[in-house]
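Descriptive analysis of the structure
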Amino acid sequence: MSPLKIKKGSTSHSAYDLRPTFSDKEERHTLAVLVENEPGVLSRVIGLFAGRGYNIDSLTVAEVDHLGHRSRITIVTSGTPQIIVQIKAQLGRIVDVHKVNDLTVEGPSVERELALFKVQGTGEHRIEAIRLADIFRASVVDSTLESFVFEITGTSEKIDAFAELMQPLGLTEIARTGVAALARGSVA
Amino acid sequence: MTKTMTGAKMVVQALIDQGVDTVFGYPGGAVLPIYDEIFQQNSIKHVLVRHEQGAVHAAEGYARSTGKPGVALVTSGPGATNAVTGLTDALMDSIPIIVLTGQVPTFMIGSDAFQECDTVGITRPCTKHNWLVKETDKLSSVLHEAFHIATSGRPGPVVIDIPKDVQFATGKYTEARQVETHYNPQVKGDMEMITELAEAMETAKRPVFYTGGGVINSGPAASQLLRELVAETGFPITSTLMGLGCYPASGDNWLGMLGMHGLYEANMAMHDCDLMINIGARFDDRITGRLDAFSPGSTKAHIDIDASSINKVIKVDIPILGDVAHVLEDLLNVWKSRGRKTNKEAVQKWWGQINEWRKVDCLKFEQKGKVIKPQYALSRLQELTKNHDRYICTEVGQHQMWAAQYLDFEDPNRWMTSGGLGTMGYGFPASIGVQMGHPDALVINVAGEASWLMNMQELGTAMQYKLPVKQFILNNERLGMVRQWQELLHGERYSSSWSESLPDFVKLAEAFGAKGIICSDPDDLDDAIMEMLNHDGPVLFDCLVEKHENCFPMIPSGKPHNEMLLGENADTANAIKSDGAVMV
Ligand SMILES: Cc1ncc(C[n+]2csc(CCOP(=O)(O)OP(=O)(O)O)c2C)c(N)n1
Ligand SMILES: [Mg+2]
C-alpha cells in the first residue's frame, strides 16, 4: 500500500475526556461538529443518532467556510454523562468529521436561535401581541390587517417563553432555526 | 507528468498501485468497463464467485489471513445489495475491505433506472466510510483514500460507488502520494496513562490480560510484543473469539478463550481478578454476561484505537487510546525501566487458584459408542493437522464454538470466524479468500450443515480456481445452536430447528466435480480425515455427529461469569431465567 500525505493541521488527538465521572442524571449538551461539506455528511450524523437511539433536541447545519469546504453542525442533545461521552466519541469516528466540541463543558458559550411567529387576530389581541413583541425585541417582518409575522432571536428559552405568551393571542404557526452556538472569548 | 486515462482504467491502476493482487467479484452491466480493463491486464487476478455475498466474505478471509486489505467488485442494484451482509460483517469485526460497486450513469441517478439502488444510502450504516464518485477526475484520489481509511485506525469496510459514465470518461490520474487526507487516527498512547497501568501491574495480586481482535488487527508486531509482555510479567492471559492466536495456545500462561462458551478458568479469572488489562477487545455482551456482576472487584485498563469503544459498556479506570503495538511497546519500556516489578508472591498464589479451576477440566468429554461426538471430531482434526501450515475458518453455530474450544492456534491471522455479526454462510467463501492468499497452505472450514448450505454455490468457485479448501461439516442435522437454546429456554420445543431434506453431501460434491467423504463411525474418523488431507482439491467432508450434543461450558444469558453451566450434568432446565431470556 502506498501512504497518503496527512494534511497539515489535522488533529489525531482525541478531544474526548476518556475519564469522565458518570452519574445517571440526564444532561443537555450543545455540540459543535465541524464537518467536511460532502454530500451525505448530515445523513451520517443523523443516521448515527437514529441508529444508536440518541436524542436530537435541535440541529442546525450550514456551510461556514466555503474555501475550506467546511460545514458546522450544531446539535443539542440530552443523555446521561456516559451517553454524552459516547455520542462525542461516535461523532468523532465519522471520517468526515474534523472536530467535535462540547460547548456545554468547554467553558462559557453563547447560544442563539431565530424564530418566525405567525399571529392572527384583531382588536385587543392584536394590540397586546405588538406590545409583547416589543418587550421581547421581536420585529414585525410581515403584516396584514388580521395577522403579523414576528421575527425573534434569542436563547431557546426566550423563544419558548414568547411562544407561550403568543399562544392565547392567536399564534398559528412557528418556524424555528434551531440553535447556533459559539464558545465565548478569543479562542476558536 | 499527469497521466490521463478512463475511469475504468484508473480503478485497475489504483488497485495495482496499492499492491492488490486479487479481486473477488461478479460482473454486471454497471461494471462492464472495469471488467474490460481487468481482461486486458495480468497484474491482478480476478476470482469469479457465485454470489456477491461470497465475494465480500472471500475478501474478508483474504484480508484477515494476509493482513492486507481485501477487494471485491460488484455491479449496481442487486450486486450491491447482495454485498450488504458481508459489509456489515466486516464492520462488526473491523476487517479492512474495499468494495467497488457499479452504479447507473450519473444522469440517470434518481430516476429508478434499471438496477439502480441508493448504494451509498444503503451502505452508509454498514461501512466505515463510503463515496459516490461523480467525476472521473476525483476517482483515483478517492480510490487511494479508500485504502488509507479502510486500513488505518480501527480498520473496516469501505464502499466506492462508481457510475458507469464515470468509468467510461477520461480524467487525470492522481498518484497515491499526491493525495492529501485529514484522517489520521491517534496511534501513540498517553504516557501518563501507560505509566499508571505499569504501576498497577507492579502491585496487582490477581492480574489477567483480556485480549481481543484488536491485537490481530494491529499487526504481527502487536502479537510479538504481547507475548513478550506475558512472558516477562508471568500474568495469565485469555482472549475473545476474535483474538485467538495472538498468544499461542501452547503457551504456559494461556487460559483459553473466555466468554459465553469460554473456558471455566478463563471466566473465573476474569470474575475474580483485581487487575483486568483489556488489550484490543471491546467488552462485548458475549464476554461480559450480566453487566452489574461483571468482574466486580477489579481495576480495569483498556487499550483501544477507537475512543467510542472505551467506556461504552464498562466503565474503565485506566483508558488508553492508541494502537495496540504502539501502546504495548511503550508499556513494556516503561515497566522495564521501572525495574520489571510484579507482586511475585501474590501472582504465584493467583496461579495456584487458577490451577485449581483448571482441574475442573471443563472441556472434557467422553467418546463412547458408535456415534461421533463433535468434540471428538475436532480433537482428531487438531491432532492430525497441528503440524501443517494451517488456516481455519468457521461458519456460525455450535461447531464454531467447538472449533474455538478444541482447535489450537499458535499464531495470529490463522483463525477466520464471524464474531460480531455471527453470519452463517461466512466460512466457505472466507476459506476461498484465505486459500487465494495462501495457495500452499492447508485451509479448513469447520462448518455446520445448515450454515454451509447458505453459500454452497461457492463450490463452483473452488473448483474453477482449483482451490483445495477442505469443508469439514459437523453434520448434526440440526440448527444446533438454535436447538440448544430451545432446549434450555423454550421447553424443548424444537420449532424449525431441524435440518430437513438435507442433500447427500457426497453426491453434491461430485456434482461439482469435487471430492465427497462421509464418515459416521468414530473408528473410521482418522482415516477419513487423512483421506481429506491427502486429496489435492476441494473436499466436502460430511461428518455425521451426535445430534443433540450441547455446547458447554456456557454462561447463560443474564448470568455472571461465575455461574457457568458445565458439561453433561448441568442443571439446564432452570438455567436461564425470564429476565435473561429476552437477551440473545
Ligand atoms: C444468516 C443467519 N441466519 C440465522 C442465524 C441464527 N443461527 C445461529 S446458529 C444457527 C444454527 C446453525 O446451524 P448449523 O450451521 O448446522 O450449525 P450447528 O449449530 O448445528 O453446529 C442459526 C440458525 C445466523 N447466525 N445467521
Ligand atoms: Mg448443524
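Residues numbered from 1 in each chain as written. Chains lettered and ligands numbered in written order. Predicted model: local features only at pLDDT ≥ 70, side-chain atom pairs only at ≥ 80, totals over all residues. Heavy atoms only, no water.

Quick word on the pairing of strand E2 (residues 22-25) of chain B
All names here are of chain B.
- Both faces of E2 are covered, namely the face carrying Thr 22 and Phe 24 and the face carrying Val 23 and Gly 25.
- Note: E2 against strand E3 (residues 45-48), four bridges, orientation parallel. The residue bridging Thr 22 from the neighbouring strand is Lys 45, located in E3.
- The handedness of the E2 to E3 crossover, carried by helix H2 (residues 32-39), is right-handed.
- Of the strand pairs in this sheet, E2 and strand E4 (residues 70-74) are connected by two bridges, and their pairing is parallel. Paired with Phe 24 across the bridge in E4 is Ala 72. (Buried < 20%, exposed > 50% of the residue type's maximum accessible area, 1.4 Å probe, protein only. Helix = DSSP H or I, 4+ residues; strand = E, 2+ residues; numbered from the N terminus. Pairing = 2+ DSSP bridges. Right-handed = clockwise from strand over helix to strand, strands pointing away.)

Let's talk about a nonpolar patch on the surface
Residue and element names in this part refer to chain A.
- Residues Leu 114, Leu 116 and Val 141 make up a contiguous nonpolar surface patch of roughly 210 Å² in combined accessible area.
- If you trace the backbone, Leu 114 turns up in strand E6 (residues 109-120).
- Among the residues examined, Leu 114 registers a relative accessible area of 31% and is labelled partly exposed. (Patch = residues over 30% accessible without salt bridge, like charges linked within 9 Å, V, L, I, M, F, W, Y side chains within 5 Å. Areas by Shrake-Rupley, 256 points an atom, 1.4 Å probe, with all protein chains shown as cover. Salt bridge = Lys/Arg side-chain N within 4 Å of Asp/Glu carboxyl O.)

Details of the site of ligand 1
All names here are of chain B.
- Ligand 1 sits among 17 residues. The nearest are Gln 398, His 399, Gly 422, Ser 451 and Gly 480.
- A distance of 3.4 Å is found between a nitrogen atom of ligand 1 and a backbone nitrogen or oxygen belonging to Met 424.
- The separation between an oxygen atom of ligand 1 and a polar main-chain atom of Met 481 is 2.9 Å.
- Protein contact buries 76% of the 590 Å² of open area that ligand 1 shows by itself.
- Listing elements by their share of the shell around ligand 1, those giving two or more residues are helix H17 (398-406), helix H19 (449-454) and helix H21 (480-489).
- Broken down by element, the residue count for the shell around ligand 1 peaks at four residues, all from H19. (Near = heavy atom within 4 Å. Polar contact = N/O pair within 3.5 Å; in protein donor to acceptor, adjacent residues only side chain to side chain.)

Describing the coordination of the magnesium ion (ligand 2)
Residues and elements named next belong to chain B.
- Coordination sphere of the magnesium ion (ligand 2), protein contribution only: Glu 449 (OE), Glu 449 (OE), Asn 476 (OD1) and Arg 478 (O), at 2.1 to 2.7 Å.
- Positions of the donor residues of the magnesium ion (ligand 2), expressed as sequence spacing, correspond to E-x26-N-x1-R.
- Using a relative accessible area of 8% as the deciding quantity, one classes Arg 478 as buried. (Donors = N, O, S within 2.8 Å, 3.2 Å for Na, K, Ca; no water.)

Description of helix H5 (residues 84-92) of chain B
Residue and element names in this part refer to chain B.
- Three or more residues of H5 are buried, namely Gly 86, Leu 87, Asp 89 and Ala 90. Projected onto a plane normal to the axis of H5, the buried residues spread over an arc of 160° and lie on a single side.
- Next to the buried residues of H5 lie helix H3 (52-66), strand E5 (97-103), helix H6 (119-123) and strand E7 (157-163). (Arc of directions from axis to C-beta. Contact = heavy atoms within 4.5 Å.)

A word on the interface of chain A and chain B
- Counting residues at the interface gives 30 residues for chain A and 39 residues for chain B.
- Of the roughly 3,100 Å² buried between chain A and chain B on both sides combined, carbon and sulfur atoms contribute 56%.
- On inspection of chain A and its partner chain B, the count reaches one salt bridge.
- Put simply, B:Asp306 and A:Arg93 hold a salt bridge, and the shortest N to O gap is 2.6 Å.
- Contributions of two or more residues to the side of chain A that touches chain B are made by strand E1 (5-6), helix H1 (41-52), helix H2 (81-93) and strand E5 (97-102) of chain A.
- Per-element accounting of the side of chain A that touches chain B gives the leading share, five residues, to H2(A).
- Looking at the side of chain A that touches chain B, its residues break down into eleven nonpolar, twelve polar and seven charged.
- Where E1(A) meets strand E9 (residues 180-181) of chain B, two bridges bridge the pair, whose relative direction is parallel. (Buried area = accessible area lost by both parts, 1.4 Å probe. Nonpolar A, V, L, I, M, F, W, Y, C, P; charged D, E, K, R; others polar.)

As for the sheet that holds strand E16 (residues 390-394) of chain B
Residue and element names in this part refer to chain B.
- In space, the six strands of this open sheet follow the order E17-E16-E18-E19-E21-E20, with parallel pairing throughout. A strand with exactly one partner marks an edge of an open sheet, and here the two such strands are strand E17 (415-416) and strand E20 (515-519).
- Here five bridges tie E20 to strand E21 (residues 539-544), and the two strands are oriented parallel to one another. Opposite Lys 515, over in E21, you have Val 539 as the bridge partner.
- Together, E16, strand E18 (442-448), strand E19 (470-475) and E21 form the strand contacts of helix H16 (residues 374-385), whose direction differs from that of E19 by roughly 155°. (Axes fitted to C-alpha atoms, helices over the stretch in contact; angles between N-to-C directions.)

Quick look at the confidence of the model for chain A
- Across chain A, the average pLDDT comes to 92, with 92% of residues at or above 70.
- Confidence, read as mean pLDDT per element, is least for E1(A) in chain A (80) and greatest for strand E8 (residues 147-154) of chain A (98). (pLDDT = per-residue confidence, 0-100.)

What about the sheet that holds strand E3 (residues 58-65) of chain A?
Residue and element names in this part refer to chain A.
- Taken in spatial order, the four strands of this open sheet run E3-E4-E2-E5, and their pairing is antiparallel. At either end of the open sheet lies a strand with only one pairing partner, and these are E3 and E5. Between one strand axis and the next, the sheet turns by 20° as a mean value, whatever way the strands run.
- Relative to E5, strand E2 (residues 27-36) runs antiparallel, the two sharing five bridges. Looking across to E5, one finds that Leu 31 is bridged to Asp 102.

Focus on the pairing of E4(B)
Residue and element names in this part refer to chain B.
- Along E4, five of the five residues are buried, which leaves the element largely enclosed by surrounding structure.
- Along E4, one buried face is formed by Gly 70, Ala 72 and Val 74 and the opposite face, lined by Val 71 and Leu 73, is buried too.
- In the sheet, E4 pairs with E5 via five bridges, with the strands oriented parallel. Bridge pairing in E5 places Val 74 opposite Thr 101.

Section: H3(B)
All names here are of chain B.
- Here H3 spans 21 Å end to end across 15 residues, near enough to the 21 Å set by a 1.5 Å rise per residue.
- Counting buried positions over the 15 residues of H3 gives 14, a clear majority of the element.
- Phi for Gly 67, located one or two positions after H3, is positive at around 80°. (Expected span 1.5 Å × (residues − 1).)

Things to note about the nonpolar core
Residue and element names in this part refer to chain B.
- Membership of the largest hydrophobic core comes to 109 residues, with the highest contact counts inside it found for Leu 378, Phe 472 and Phe 541.
- Looking at this core, the element that brings in the most residues is helix H14 (residues 324-337), giving eight residues.
- Dropping the residues within four chain positions of it, Phe 541 is found in contact with Gln 471, Phe 472, Ile 473, Ile 517, Cys 519, Leu 525, Ala 528, Ile 529 and Met 532.
- With 43 residues, the next largest nonpolar core counts Ala 58, Ala 63, Cys 126 and Phe 505 among its residues. (Core = buried A, V, L, I, M, F, W, Y, C linked by side-chain atoms within 4.5 Å.)

Here's the deal with the pattern of salt bridges
- A full pass over the atoms with the stated rule returns 34 salt bridges over all chains.
- The partner of A:Arg176 in a salt bridge is A:Asp160, and the shortest N-O contact between them spans 2.7 Å. Residue A:Arg176 is located in strand E9 (residues 171-176), and its partner A:Asp160 is located in helix H4 (residues 156-166); the two are separated by 16 residues in the primary sequence.
- In this structure A:Asp160 comes out as partly exposed when scored by relative accessible area, which is 41%.
- Linking B:Arg286 and B:Asp285 is a salt bridge whose minimum nitrogen-to-oxygen distance equals 3.1 Å.
- When salt bridges with common partners are traced through the structure, they connect A:Arg93, B:Arg154 and B:Asp306 into a single cluster.

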